[in-house]
Amino acid sequence: MEEAKKKGLALHWQILIGIGLGIATGILLCRITPYENWSPYIKWAGDIFLRGLRMIVIPLVFTSIALGVAGMGNSAALGRIAGKTILYYIVTTAIAAAIGLTLVNIVKPGVGANLNLAEKVTSIGTGEVSFIDQIVAIVPSNIFESMAKGDLLPIIFFAILFGLFMNKVDKKHTGTLSDLFTAIYEVIMKITFFLIRLAPVGVFSIVANVVGKQANDPQALINMAGSLGVFVLVVWGGLLIQGAVVLPTLVRVLGKQNPWRHISKMSTVLLTAFSTCSSGAALPINIRDSQEKCGISNKIASFVLPLGSTINMNGTALYECVTAIFIAQAYGIDLTLVQQIMIIFTALLAAIGTAGIPMAGMVMLTIVLSAVGLPLEGIGLVLAVEQLCDMPRTCINTYGDSCGAVIIAHSEGEQLTI
Ligand code: ASP
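Reading guide: rules and limits
- Position numbers for residues start from 1 in each chain and track the written sequence from start to end.
- Only residues with pLDDT of at least 70 are given local features in this predicted model, and only at 80 or more are side-chain atom pairs given and counted; all residues enter the totals for whole chains, interfaces and linings.
- Here the side-chain values reflect all heavy atoms present in the structure, with hydrogen atoms and water set aside.
- Distances are taken per atom, and a residue is near a molecule or strand as soon as one of its heavy atoms is within 4 Å of it.
- The term polar contact refers here to a pair of N or O atoms within 3.5 Å; inside protein, the definition further demands a hydrogen-donor-capable atom paired with an acceptor-capable atom, and it admits residues adjacent in sequence only when both atoms are side-chain atoms.
- Note on areas: Shrake-Rupley, 1.4 Å probe, and residue coverage restricted to the protein chains presented here.
- Counting from the N terminus, the helices are the DSSP runs of H or I reaching at least four residues and the strands are the DSSP runs of E reaching at least two.
- Polar here means any residue outside two lists: the nonpolar Ala, Val, Leu, Ile, Met, Phe, Trp, Tyr, Cys and Pro, and the charged Asp, Glu, Lys and Arg; Gly therefore counts as polar.
- Think of it in three bands: with a 1.4 Å probe and only protein chains considered, a residue is buried below 20% of the maximum accessible area for its type, exposed above 50%, and partly exposed in between.
- Think of it this way: a Phe, Tyr or Trp ring, Trp meaning its six-membered ring, pairs with another when their centres are within 6.5 Å, and the plane angle makes it stacked under 30 degrees, edge-to-face over 60, tilted otherwise.
- Every helix has an expected span of 1.5 Å times one less than the residues it contains.
- Method remark: on a 1 Å grid restricted to protein atoms, a set of points is classed as a cavity if a 1.4 Å probe fits but cannot get out and as a pocket if it is open with protein on both sides within 12 Å along at least five of seven lines; lining residues have an atom within 4 Å of a point.
- Grid points are joined across faces, edges and corners, and a volume is the space filled by probe spheres set on the points.
- We define the nonpolar core as a collection of buried residues of types Ala, Val, Leu, Ile, Met, Phe, Trp, Tyr and Cys that are connected through side-chain atoms lying within 4.5 Å of one another.
- Should any heavy atoms of two residues lie within 4.5 Å, those residues are counted as being in contact.

1. Remarks on the site of the ligand
Close contacts around the ligand come from 17 residues, with Ser279, Thr316, Gly361, Asp390 and Arg393 the closest. In the model, a nitrogen atom of the ligand is placed 3.0 Å from a nitrogen or oxygen of the Cys277 main chain. Note that an oxygen atom of the ligand is positioned 2.7 Å from one of the backbone N or O atoms of Gly361. When isolated, the ligand has an accessible area of 270 Å², and the protein chains bury 100% of it. Listing elements by their share of the shell around the ligand, those giving two or more residues are α18 (360–371) and α20 (386–411). Tallying contributions element by element places α20 first for the shell around the ligand, with 4 residues. Each residue belonging to the shell around the ligand can be placed in one class, and the counts come to 7 nonpolar, 8 polar and 2 charged.

As structure tokens, then:
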């Protein structure tokens, strides 16, 4: 009781208040003075919060995966859990992509869209990386380079390998390494706790900034009323089906847990993903809450969640399908069934290759568009509403990981506390 009193308002309420105040502040300040004048005074808090979260991701992912893999001891358990995790990720991502494809074909938001709305695309790099290149790039040629660049997939690969071979050396060394990694992991978790307490302020700053930027650009708001508005609604509708129907059903049927209680326990994680647009940033909180609130073992949480935050992107795959077809519709290009299936397939691969950072899905869109020969300039069409799509899709990306952890923990016979 005393403890509860001391804690005050629950963190997810504080974050929600941060979002609300951020929206109000963004709008109000824009009425007083232009965005450029006030944003530096507000933006820094959000930048510090995001940098703090990114700061801990690499040591956290490396130590947690290496420890998790080493802790699984015999490779049969590891192989089984890895197999189930990857199967779950591929199936749910494919379902999400198919939902997106179906909705956008029914609603057809791009038909008759005004192509003059397209913004100039200058900063989008071409993501023309072939499938084989993507696979090869999983093996780091220099692990420190991957760490410096924040490329999670090669880091995960090295961590799995390291964990596997940790068990193959002298017991004395295995013990030393696992003591060392456990100690680092515990310290990083303590830093995570500390950072999470700053979330309401960080989120306030991020949201005020985003709202301010949009409020400054009335054209973007006007565009929203037209085809782009319908496009955003289709993206949101699809994400809602995935997040409120498909994934909760899987948690109920395969995980044998109450999905709504699970969502409520995950609210801090989901709100963080939503407001930061980064599943990587939400990862430390996800690992902590999955263990502390849902009772998932460290072994599962620290394997399934980091992997998921990198390769499992339900929301991104759905978004890529909707956007690719939207662009085809806007340009009056008819896609055959085979091309549409190709879009699902490449969206799946692109989602796997997408980093858990803001706007990464938009960059990967170039792969999907090139695969079926759609104009890359089409990306300019959806740039104005990118933030509105990135927020919910990141939320669903993270929620999908969390559902995966619940389902896999249950399948491994763990007693959860949801
Ligand atoms: N922002 C997303 C995430 O971090 C990735 C994307 O842009 O789709 O999960």
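Picking up where we left off.
2. A word on unusual backbone geometry
A positive phi is found at Lys108, a non-glycine position, where the angle reads about 50°. Relative to the helices and strands, Lys108 resides in the loop between α4 (75–107) and α5 (131–136). In this structure Lys108 comes out as partly exposed when scored by relative accessible area, which is 45%. Phi at Lys256 takes a positive value of approximately 55°, unusual for a residue other than glycine. Checked against the element boundaries, Lys256 lands in the loop between α11 (227–253) and α12 (259–265).

3. Considerations on the packing of aromatic side chains
Taken as a whole and assessed by the stated rule, the structure comprises 10 aromatic pairs. Arranged with centres 5.7 Å apart and planes meeting at 65°, the rings of Phe62 and Phe162 form a pair that is edge-to-face. Of the two residues, Phe62 sits in helix α3 (residues 35–71) while Phe162 sits in helix α7 (residues 152–166), which places them 100 residues apart along the sequence. Given a relative accessible area of 11%, Phe62 falls into the buried group. A residue is classified by how much of its surface remains accessible, and Phe162, at 27% relative accessible area, is partly exposed. Ring centres of Phe62 and Phe181 lie 5.7 Å apart, and the angle between their planes is 80°; on these two criteria the pair is classed as edge-to-face. Note that Phe62 is positioned in helix α3 and Phe181 in helix α8 (residues 171–197), a separation of 119 residues in sequence. Accessibility classification places Phe62 together with Phe181 in one group, the buried group.

4. Brief notes about α8
Here α8 is 27 residues long and its end C-alpha atoms lie 39 Å apart, about the 39 Å a rise of 1.5 Å per residue gives. Every buried residue of α8 is listed here: Thr174, Phe181, Tyr185, Ile188, Met189, Thr192, Leu195 and Ile196. Capping the start of α8, Asp170 holds a side-chain oxygen 3.0 Å from the backbone nitrogen of Lys172, two or three residues further along.

5. A word on empty space enclosed by the protein
One pass over the full model with this rule turns up 1 cavity of 30 Å³ or more. The computed volume of the largest cavity comes to approximately 60 Å³. Along the wall of the largest cavity there are 15 residues; nearest its centre are Thr316, Ile357, Asp390, Thr394 and Asn397. At the level of elements, α18 and α20 are the ones that each hand at least two residues to the lining of the largest cavity. In terms of residue count, α20 provides more of the lining of the largest cavity than any other element does, 4 residues in total. A class-by-class count of the residues in the lining of the largest cavity yields 6 nonpolar, 7 polar and 2 charged.

6. Concerning the nonpolar core
Residues Phe231, Ile296, Phe303 and Ile343 are the most contacted members of the largest nonpolar core, which totals 119 residues. Looking at this core, the element that brings in the most residues is α3, giving 14 residues. Apart from the residues lying within four places of it in its own chain, the contact partners of Ile296 are Ser290, Gln291, Ala301, Ala405, Val406, Ala409, Glu414 and Leu416. Membership of the second largest hydrophobic core comes to 5 residues, among which are Tyr35, Trp38, Ile42 and Ala208.

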